[in-house]
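# Commentary on secondary and tertiary structure
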Amino acid sequence: MNSAQFLGITTFAYMFSTLLYVAMFVFKIKRLGKFTTCFTAIALLVQTAGLGLRWQESYQMGIGHAPLTNMYESVIFFAWAIIVLYLLIEWKFKTQIIGAFAVPFAFLAMAYASLSKDLTKGISPLIPALQSNWLISHVITCFIGYAAFTVAAGLGLMYLIKETSDSRHSSNDKTLIGSLLPLHQIEDITHKTMIFGFIWLTAGIITGAVWADSAWGTYWSWDPKETWSLITWFVYAITLHARYTRGWGGKRIAWLAIIGFFSVIFTYYGVNFILSGLHSYGSN
Amino acid sequence: MTTKPSSVNVFSLLWDFFASVKLALLTLGVLCLASIVGTIIPQGEAFSWYVRKFGPWQAQLFNLFQLSDLFGSLWFKALLGILSCNLIICSLDRFPQIWKKITADNLDTTVVRLQSIKRNSRWTSSLPPARTVEEIARLLGRNGWKTSSRELDNGTLLFSQRGAWTRLGFFVVHASILIILTGAIIGSLLGFKGTALIPEGRSVSEIRTTGKSSSVDLGFEVRCDTFGIEYYQNGMPKEYRSDLTLLEQGREVLHKSIMVNHPLTYKGITFYQSSFEAYRDFIITLTDKESGDRQIFVTPYQKQRTWEEKALRFGVINAEVSEDRISRMKIWITGPDDAPSVFWMDPGQTIPLTLHGRPYLISAKQMYATGLQVAKDPGVWWVYIGCTLILAGLFTTFFLSHRKIWIYVHQEKQATAILMAGSTNKNKAGFDGHFSRLTELLKAAV
Ligand code: HEM
């Protein structure tokens, strides 16, 4: 078996995992709980093996490098980080309901990685600028941050759903929405996840700056990618301050978690495929 | 009756303005929007370019608001200035309160107040009060809670705290942002950035700076000895390498190879491998094996060169190019009374020859100029210190907390009554667990 097969299986496994979590939520099948978690953990192991194998394959090709150096590999690592983070949250907060809002993102990332025509999937050697340990640290730190922000956005969505229905009906545990976590707890976990993401994004911006400095002699040059990572950082800084010093909470924070997520996606995807298009059109 | 002078009013108005978090939210929001604009409008093009792309009216508008160099514009710098003032004033404004909380005399409290703390526990002990206090202090000390104590009217109050300094975490985060900005300012005032294109075998001592049309004297010379590119099998570049020699007053002081991601720093000036230019000339190296004489010749394509001393004539008569790099060269060489040798060779290859009855070595390669990025940035250490501090500050703010424990021990009828209370400024749930484990430990002992 090669890494591509492992990663292919992972995509389907995360799809099934998504179905399990959603089914547990919609049909309230609590019995499935242990199985769902085990299944997801095994899918994660398969993905880990896939990444490990890809690493090994690159060495067999004589161009060994960690599988974290192009868009395709980073999307896969993104999915991996989402699942790791989600499983940690499930374990720490003893609830499986968040799965229905977090695991789908990992599945979507894997599906995008395997189906998209924009991404080159082959293992290619590294051009000189990419041969740096700072690059590896940069990708790892950024994507852990992005994964945290993604889970936070899932939680924000969950909050808004719960909030909307709570304000319409008196919630009780029997309705579908009633089985969601209490609002204050969703808010608490959203906040903690955003804080976690903020620290990693900060580290990601810093490692990126150090890398740029060692490669080109400028730690900051306001290129669109750098600038968007800073915009994302500002969005979360605003969110943390609004909550901590101005007491914002509830719906506003949930919306900010979602807005922050769009900023993350734009930093990650939009800059490469929308802005670069805009700019290359300009230079033609 | 005296009225306040109006200057004080202006001062306090300004102070309040800059101490407000609302202003911080607004500034950060505006910075976001400005940055978005700066990524949508391509930066740093000429005015005519904007006219062509967006039309004259919009180009004028861009010019007016400096949108083509948004991040270098005065108003963007002003925004960063406002953010800095905001950070400074806001931190100064809050510092006294926070300092008070850190240095507060926590023994100066009352039993009633302790009883009103939600996280508390009471029990009694059969040990006499003095022994109880001693034992509790010993146990707490062993678990990392150093205690201080004070005698109250009816009993003894013990206090212990951890992480009081963590209240400074947010302060460190804000200060680091200022340190990073300071580093950026130092870099732009005292540093420079420039480029140099040095053909193999040549040297430069002046650098053209980017942006400004001036040049900087390095104070020493940089010579490029060789430039080489290594390729992967699929033709992608694997390594760009320049062998550099630094000279001071004609004396060689340092040899070093630089590659992308592996720059060279000398006297605060750093040289980065950034680009190269390929010439149509070749570099041919001839070595006389017997005497060890060696000469390097820059040889234009299809032009004859001579090594006068040895009476050798040679040249490159043909070359194969694949994807704009020379993959093979056809060399022609002859001594005074030899028949000419003509052969193909690869770049970097060395071939032995016999010419005019003597053994020689020949090697040849395409000639390049190395493109260097040259930078001096004395502010970069400030930036890196700020970056380290911001991470430390964020970690402190988010994961550490200021936790306090009070224990009041007093004689109550026949027994010794113990009241334990605890508070924390963050992570309440985590402290709950810790607090109950501590109480269990103490209850078991006294
Ligand atoms: C990009 C810039 C900034 C960053 C990254 C930042 C970061 C932080 C962080 C991480 C905290 C701790 C929040 C928490 O515990 O949840 C904090 C708190 C705070 N920040 Fe900022 N900050 C920034 C700018 C500002 C500015 C410009 C102000 C000016 C008013 C400000 C005012 C405050 C205040 C008042 C607190 C609460 C401190 C306390 O009472 O404990 N921040 N900041």
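Residues numbered from 1 in each chain as written. Chains lettered and ligands numbered in written order. Predicted model: local features only at pLDDT ≥ 70, side-chain atom pairs only at ≥ 80, totals over all residues. Heavy atoms only, no water.

## A few points about the site of the ligand
For clarity, the cut-off: In this text, near means that some heavy atom of the residue lies within 4 Å of the molecule or strand in question. Starting at the N terminus, helices and strands are each numbered in turn, a helix being any DSSP run of H or I of at least four residues and a strand any DSSP run of E of at least two. Under the scheme applied here, ten amino acids are nonpolar (Ala, Val, Leu, Ile, Met, Phe, Trp, Tyr, Cys and Pro), four are charged (Asp, Glu, Lys and Arg), and all others, including Gly, are polar.
The environment of the ligand is formed by 21 residues, the closest being A:His241, B:Asn86, B:Cys90, B:Phe170 and B:His174. One finds residues of chains A and B in close proximity to the ligand. At the level of secondary structure, the elements contributing two or more residues to the shell around the ligand comprise helix H7 (224-246) of chain A together with helix H2 (21-40), helix H5 (74-103), helix H8 (169-190) and helix H9 (380-399) of chain B. With 5 residues, the top contributor of residues to the shell around the ligand is H5(B). Along the lines of polarity and charge, the residues of the shell around the ligand split into 14 nonpolar, 6 polar and 1 charged.

## Observations regarding the interface of chain B and chain A
Test applied: Residues count as neighbours in contact if any of their non-hydrogen atoms are within 4.5 Å of one another. One speaks of a salt bridge when a side-chain nitrogen belonging to Lys or Arg is within 4 Å of a carboxyl oxygen belonging to Asp or Glu. Pairs of N or O atoms are called polar contacts if they sit within 3.5 Å, as long as, within protein, a hydrogen donor faces a hydrogen acceptor (for residues adjacent in sequence, only side-chain-to-side-chain pairs).
Taken together, the contact pairs 47 residues of chain B with 45 residues of chain A. Summed over the shared surface of chain B and chain A, the number is 0 salt bridges. The interface formed by chain B and chain A holds 10 residue pairs in polar contact (both at pLDDT 80 or more) in total. Elements represented by at least two residues in the side of chain B that touches chain A include exactly H2, helix H3 (47-54), H8, strand E7 (237-248), strand E10 (269-288), strand E17 (358-376) and H9 of chain B. Considering every element that reaches the side of chain B that touches chain A, the biggest residue donor is H2(B), with 11 residues.

## A word on the domain arrangement of chain B
Heads up, the rule is: Segment limits for the domains were obtained from an automatic or database-derived domain assignment.
Assigned domains within chain B: domain 1 (7-100), domain 2 (109-163 + 401-445) and domain 3 (192-376). Relative placement of domain 1 of chain B and domain 3 of chain B: their C-alpha centres are 48 Å apart.

## Observations concerning the coordination of the iron atom of the ligand
So the rule is basically this: Metal-coordinating donors are taken as N, O and S atoms lying within 2.8 Å of the metal, or within 3.2 Å when the metal is Na, K or Ca; because water is left out, some sites can appear incomplete. Key to geometry: four donors with every angle between 85 and 135 degrees are tetrahedral; four donors are square planar and six octahedral where opposite donors lie over 155 degrees apart and all remaining angles lie between 65 and 115; all other sites are irregular. Only protein chains enter the accessibility calculation, which uses a 1.4 Å probe. A residue is then buried if its area is under 20% of the maximum for its type, exposed if over 50%, and partly exposed in between.
Distances from the iron atom of the ligand to its protein donors, namely A:His241 (NE2) and B:His174 (NE2), fall within the range 1.8 to 2.0 Å. Considering all 6 donor atoms around the iron atom of the ligand, the spread of angles at the metal, 85 to 179°, places the coordination shape in the octahedral class. Residue A:His241 is found in helix H7, and its partner B:His174 is found in helix H8; the two belong to separate chains. With a relative accessible area of 11%, B:His174 lands in the buried category.

## As for the packing of helix H6 (residues 183-216) of chain A against H7(A)
Residue and element names in this part refer to chain A. Rules: Here the axes come from fitting lines to C-alpha atoms, over the contacting stretch only for helices, and the angles between their N-to-C directions go from 0 to 180 degrees. Here a crossing is called left-handed whenever its near helix is offset anticlockwise from the far helix by less than a right angle, and right-handed whenever the offset is clockwise.
Relative to each other, H6 and H7 sit at 145°, their axes nearing to 10 Å. Seen from above, H6 lies across H7 with left-handed handedness. Along the contact surface, H6 presents Glu 187, His 191, Met 194, Ile 195, Phe 198, Leu 201, Thr 202 and Ile 205, while H7 presents Ser 229, Leu 230, Thr 232, Trp 233, Tyr 236, Ala 237, Thr 239, Leu 240 and Arg 243. Class assignment for the residues of the contact of H6 with H7 results in 10 nonpolar, 5 polar and 2 charged.

## Comments concerning helix H7 (residues 129-142) of chain B
All names here are of chain B. Operational definition: How far a helix is expected to stretch is found by multiplying one less than its residue total by 1.5 Å.
The terminal C-alpha atoms of H7, which comprises 14 residues, lie 20 Å apart, in line with the 20 Å expected from a rise of 1.5 Å per residue. Buried residues in H7 make contact with strand E1 (120-125), strand E2 (147-151), strand E3 (155-162), strand E18 (403-412), strand E19 (415-424) and helix H10 (428-445). Positive backbone phi, at 90°, marks Gly 144, one or two positions downstream of H7.

## A closer look at the domain arrangement of chain A
Residues and elements named next belong to chain A. What counts is decided by this rule: Take the accessible area each of two parts loses on contact, using a 1.4 Å probe, and add the two losses: that sum is the buried area.
By the assigned domains, chain A splits into domain 1 (1-123) and domain 2 (130-284). One C-alpha centre belongs to domain 1, the other to domain 2, and the line joining them spans 20 Å. On the domain 2 side, the residues contacting the 25 residues of domain 1 number 34 residues. Taken together, both faces of the contact between domain 1 and domain 2 bury some 2600 Å²; the carbon and sulfur share is 84%. The largest contributions to the domain 1 side of the interface with domain 2 come from Phe 78, Leu 85 and Phe 101, which together make up 22% of the buried area. Summed over the shared surface of domain 1 and domain 2, the number is 0 salt bridges.

## So, the layout of surface pockets
Residues and elements named next belong to chain A. Quick reminder of the rule: Every definition here rests on a 1 Å grid over the protein atoms only: cavities are sets of points where a 1.4 Å probe fits but cannot get out, pockets are open sets enclosed by protein on both sides within 12 Å along at least five of seven lines, and lining residues have some atom within 4 Å of a point. Grid points are joined across faces, edges and corners, and a volume is the space filled by probe spheres set on the points.
Size it by volume and the second largest pocket reaches roughly 930 Å³. In terms of lining residues, the second largest pocket is bounded by 33 residues, among which Leu 135, His 138, Trp 211, Lys 225 and Asn 272 are the most central. Every element with two or more residues in the lining of the second largest pocket is listed here: helix H3 (71-93), helix H5 (133-168), H6, H7 and helix H8 (250-283). For the lining of the second largest pocket, the element with the highest residue contribution is H6, accounting for 7 residues. Here the lining of the second largest pocket is built from residues that sort into 18 nonpolar, 12 polar and 3 charged. Lining the lining of the second largest pocket are residues from two domains, each supplying at least three of them: domain 1 (1-123) and domain 2 (130-284).

## Notes on the sheet that holds E2(B)
Residue and element names in this part refer to chain B. Keep this limit in mind: In short, DSSP must find at least two bridges between two strands for them to pair.
Reading across the sheet, the 5 strands line up as E1-E19-E18-E3-E2 and stay open at both edges, with antiparallel pairing between neighbours. Of all the strands in the sheet, the pair left with one neighbour each is E1 and E2. Put simply, the sheet's adjacent strands are angled 20° from each other on average, direction ignored. Of the strand pairs in this sheet, E3 and E18 are connected by 8 bridges, and their pairing is antiparallel. Paired with Leu 157 across the bridge in E18 is Tyr 408. Its contacts with the sheet place H7 against E1, E2, E3, E18 and E19, and it is angled at close to 160° to E18.

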